[in-house]
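# A structural walkthrough
Letter by letter, the chains look like this.
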Amino acid sequence: MNGVGEEDEIGNVFEVGVVVPKRVNGSVVDGDGEFDAVDLMVAEFRKAGFVVEVVPGVTNEFIKLAAPMDTLGAAAAELQIKKQTHIGLDLPFEKEQVDAFVKQTDGSLFSWCERYRCYRHLIYGIVNNSESNLLLRFEDKQFCWEPQESLLQTCESRGIVKQVFPLHDEKRRKQLIRSWALNWWDCTTQPIDDVQLYFGTKIALYFAFLGMYTRWLFFPAALGIILQLVNFGWVGVFLVLPVFFTSVISWAVFFFQFWKRKNFALLTRWRIPYTIGTGPGFKILGLEWNPLHYPVETGKKSQADHVKEKQIYQRHEWFTRIKRFRNDAFIILSIICFQLPFELAYAHLYEIIESSAIKFILTAVYLLLIQYFTRIGGKISVNLIKDEKVENSENRADSLVYKVFGLYFMQTYIGIFYHALLHRNIETLRQVLKQRLIVSEIFDNLLENSLPFLKYSFKKYSAVRNRRKGQKASSRDKVQFASRVEKEYLKPDYAASTGADLEDGLFDDFLELTLQFGMIMMFACAFPLAFVFAAVNNIMEIRTDALKLLTIFKRPLPRSTATIGAWLNIFQFLIVLSICTNCALLVCLYDAEGNWKLEPGLAAILIIEHVLLLIKFGFSRLVPEEPAWVRANRMKNVTNAQDVCSKQLLRNISNKEMSRQEKVE
């Protein structure tokens, strides 16, 4: 059985693959107590409860693993994975109380994120439980497996295990290709629940956001088409454009408020807890908060212990903040000293060149070069974040988002600001926006879809060439990749172009969305038709991103999250910034030569800006972020949790009091 994600005889789906180099001499077991490392690994996997199948490949061997429900249940109980019960409480999983826990929408007990976490726990939890070293051999390598050492980590450190990666479920993958990636009949409708079950919450939230954003874009796109087709004359400057931009700001504010409502609704539907955690502070001292623990023990600490604990918290808090401020200042100064002159030079060249074709080529070359400059800045940002020593992975990812977005913000918008505020030429500004939208979107789509395919093709070519070199075969001898698992292994990982160890490929996708949103919002009055370009691009983006995940990349590692994170703050920042930029554009009247004049509208700037800021923050209060039915469900769960905790606490107090009285008697 060579298919990825195929089932065994009793219906278990292979979900994880382990890659090892192909053995030339086969398995070797000497009489001196030596064990073949791969054979021992397979035996230990079976002993851990996995269903195992070994698939030979062209240059590697692949160990496919499937975990029956009993095996997953035991791992979930060891990990104390919290799952929602039928009374609304999130409690640690217990294998003996399976019926008390709510199942997924497809009838499975564990989500893909929970299953993969169990797989990793079981795979890397295989240790040498004997008191002596075990001598292992792989080809001509010989090494010891020490007591209490992980077998997988030992083999990884010696290059025997190349990679552990999730496998596609071929049956469900093909269903998603038909119902999602190739479903062009409905532009924005997506099987979000199926996406969440297959890829996890983080990817599902991205596509839910992208689909809702695209649907909402139809409104400003329709207004942009009307402004483009109808010549309003001087009325368009003094009345139509202010009304258009006020509508756009209201649209953006309402969109994000309704997105927050949908976010809460999706989390409730997927039964994902989104309560605020205790934060990283408890990790500093190695503490873990649990409401079922007896709280009176906390009061037994001496005053000196409380003072010492407080000092540790304060030292860690301010030391981390100072480091983060230092790193942010370094990024800002680097942008000003190195990137800003490059951006201004491009903008100046664009202004003095007269040929439209040369301007188009200049923009394409500029966008190509700036990608490499920004990636260098992104790598520097990653090293700075690691130096901050932030323990929470979400905080590290957010810090990366803010730093890298600052770099891309400068390279995307500084040239446009140059044309808008210094030269103040409306026609040049519109031309720049058209070229940026068209060139950048085409360039980004080609780059993000062609590069992974080229990497995959190069890996296949390298594997075939190495096989022929090893066997000294003729170039005419055809080498085929018969197994799907090997084809999946050769595909590139779904990782971010910057900071792959901190973020997955969604980082680049969200970055593309935010830059697009900033461009169409900050210069909406100069080029209303930009919303049409954005809507068309996003319709294509939904299908190409889906096809990319299902066919071009390996199955992504599942990541659990409750929101889109720092990207939401960036979107909100861009809305406020767009109010300022468009107010400057609205009050600028231009004459026959197209040169703007600022004199007539200084008072109007303040009036319109204050009105739009009032709309921004006023409408945010008008629409509640959490739907009423979600809030009612959450309050019911909180009430149940308080009742259980109160009963458990009273029981603990009673037991302690009874034991004290028995000791007295």
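Our subject is the structure that appears above.
To keep things clear, this report deals only with the structure shown in the data block. All residue numbers refer to position in the chain's written sequence, counted from 1. Selection of residues for local features in this predicted model requires a pLDDT of at least 70, selection of side-chain atom pairs for listing and counting requires 80 or more, and totals for whole chains, interfaces and linings are taken over all residues. Side-chain measures were taken over the full set of non-hydrogen atoms in the model, leaving aside hydrogen atoms and water.

## What to know about the packing of aromatic side chains
Any two aromatic rings considered together are summarised by their centre-to-centre distance and by the angle between their planes. Only the six-membered ring of Trp is used, alongside the rings of Phe and Tyr, when aromatic pairs are assigned; centres must lie within 6.5 Å, and planes under 30 degrees apart are stacked while those over 60 apart are edge-to-face, with the rest tilted. Applying the stated criterion across every chain, the model contains 34 aromatic pairs. Two limits define a charge over a ring: the Lys NZ or Arg CZ must be within 6 Å of the ring centre, and within 35 degrees of the ring normal. Looking at K64, its charged tip hangs above the ring of F14, at a distance of 4.9 Å from the centre. Above the ring of Y198, the side-chain terminus of R555 is found at 4.0 Å from the ring centroid.

## Re the sheet that holds strand β3 (residues 51–56)
Pairing within the open sheet is antiparallel, and its four strands lie in the order β3-β4-β1-β9. Both edges of this open sheet fall to β3 and β9 (163–166), since each of them pairs with a single strand only. Each adjacent strand pair in this sheet contributes to an overall mean axis angle of 25°, direction not counted. Two strands qualify as a pair provided that DSSP identifies no fewer than 2 bridges between them. Secondary structure elements are taken from DSSP: a helix is a run of H or I of four residues or more, a strand is a run of E of two residues or more, and numbering for both begins at the N terminus. Pairing analysis gives four bridges linking strand β1 (residues 16–21) to β9, with the strands arranged antiparallel. Bridge assignment links V16 to a residue of β9, and that residue is P166. Relative to the sheet, helix α3 (residues 112–124) contacts β1, β4 (60–66) and β9, its axis offset from that of β9 by approximately 155°. Lines are fitted to the C-alpha atoms to define the axes, a helix being fitted only along its stretch in contact, and any angle between axes, read from their N-to-C directions, falls within 0 to 180 degrees. Whether two residues are in contact is decided by their heavy atoms: any pair within 4.5 Å suffices.

## Brief notes about the pairing of strand β7 (residues 134–138)
Where β7 meets strand β8 (residues 141–145), five bridges bridge the pair, whose relative direction is antiparallel. When the bridges of β8 are listed, R137 appears paired with Q142.

## Let's talk about the environment of E448
Structurally, E448 is set in helix α13 (residues 426–471). In the structure, E448 is positioned 49 residues away from S497 in sequence and 9.9 Å away in space, judged by C-alpha atoms. Ignoring any residue separated from it by four or fewer positions in sequence, one finds E448 in contact with D509, E512, E541, D545 and K548.

## Some thoughts on helix α7 (residues 201–229)
Any helix carries an expected span of 1.5 Å times its number of residues minus one. Here α7 contains 29 residues, and its C-alpha end-to-end distance of 42 Å stays within 8% of the 42 Å for a straight helix at 1.5 Å per residue. Of all the bends in α7, the greatest reaches close to 30° and is centred on F218; the proline P220 follows between one and four positions later. Two axes define the bend at a residue: one fitted to the seven residues ending there, one fitted to the seven starting there, and the bend is the angle between them.

## Overview of the nonpolar core
Here the nonpolar core consists of buried residues drawn from Ala, Val, Leu, Ile, Met, Phe, Trp, Tyr and Cys, with membership extended through side-chain atoms lying within 4.5 Å. When a residue's accessible area, from a 1.4 Å probe over protein chains only, is under 20% of the maximum for its type it is buried; when over 50% it is exposed; and in between it is partly exposed. One finds F209, F517 and F531 to be the most contacted residues of the largest nonpolar core, which totals 93 residues. The element best represented in this core is helix α8 (residues 234–269), accounting for 14 residues. Ignoring sequence-local partners within four residues, the contact set of F531 consists of L217, P220, A221, F244, V248, W251, I520, M521 and A524. Counting residues in hydrophobic clusters, the runner-up holds 40 residues, among them V38, V52, L65 and A75.

## Examining the side chain of Q196
For Q196, the position within the fold is in helix α6 (residues 192–199). Here Q196 falls in the buried class, since its relative accessible area comes to 5%.

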